[in-house]
Amino acid sequence: QKAGNTNLYLDRVLGHSYAELGNKTDKDAYTKGLAAMDRFFTKAGPDFKYQAIDYKYKGILLSKTGKDSLGVMELEKAASMDPKMANDLNREIIKTYMSAKKYSKAITGYERLMGNEKKNLTKQDWYDWGRAYFYEAGLKIKDKKEAEAPALFVKADTCFSNLCQLDNAYPMGYFWRGRVNNQLDPKD
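Residues numbered from 1 in each chain as written. Predicted model: local features only at pLDDT ≥ 70, side-chain atom pairs only at ≥ 80, totals over all residues. Heavy atoms only, no water.

Caption draft 1: Looking closely at the overall build of the protein chain. When its secondary structure is counted, the protein chain shows nine helices and zero strands. Listing the helices and strands of the protein chain from first to last along the sequence gives α-α-α-α-α-α-α-α-α. Oriented by its inertia axes, the alpha-carbon framework of the protein chain measures out at about 70 × 30 × 30 Å. Across the 188 residues in the protein chain, those meeting the buried criterion constitute 44%. Computed over 32 positive and 25 negative side-chain charges, the separation of the two mean positions in the protein chain equals 3 Å. (Helix = DSSP H or I, 4+ residues; strand = E, 2+ residues; numbered from the N terminus. Buried < 20%, exposed > 50% of the residue type's maximum accessible area, 1.4 Å probe, protein only. Lys, Arg positive; Asp, Glu negative; His and termini not counted. Charge placed at Lys NZ, Arg CZ, Asp CG, Glu CD.)

Caption draft 2: Seen up close, helix α3 (residues 52-64). With 13 residues, α3 extends 18 Å between its outermost C-alpha atoms, agreeing within 8% with the 18 Å of an ideal straight helix rising 1.5 Å per residue. Among the 13 residues of α3, ten are classified as buried, and the element is accordingly described as predominantly covered. Of the surrounding secondary structure, the elements contacted by the buried residues of α3 are α1 (8-21), α2 (29-44), α4 (68-81) and α5 (86-99). Following α3 by one or two positions, G66 has its phi on the positive side, about 90°. (Expected span 1.5 Å × (residues − 1). Contact = heavy atoms within 4.5 Å.)

Here it is, written out as structure tokens:
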């Protein structure tokens, strides 16, 4: 590109690469990646045959640059295009909601991800889902809706209990169960 090549596929690869690179070595990587993906979509136009991965990376880059709702829309578009990627993309959507402190949406995302099968969830899923319930309960208390909090704490405890059953040597499961149960019975 520095030599003047304006091939749209270079922008595609550049956008994907910046998303993978992250802000670890280049603090502006996400911004540069989003600019590259925007150029790619502009050059390609509406009749181009986009791949799900294009929307995935655009969604990730939007989310990482503070445009959460737009990022989620792109990730959902990618998930609808490629069912094989749907679970991973749903996890990415949930991460976006957790980062944005939209815990009720993260909870809904985990319900959708689990379906009717507990085995669809990993240990990390149970951990994050439990934290989403815990933090949502905290928001209810902060918003003076204390009556709704206990049911959320019970659901958080269920998630951490499932985590402990999957890995009984993982201390964070017990730590979070303790935090939750302390909220359920703060006087004892």
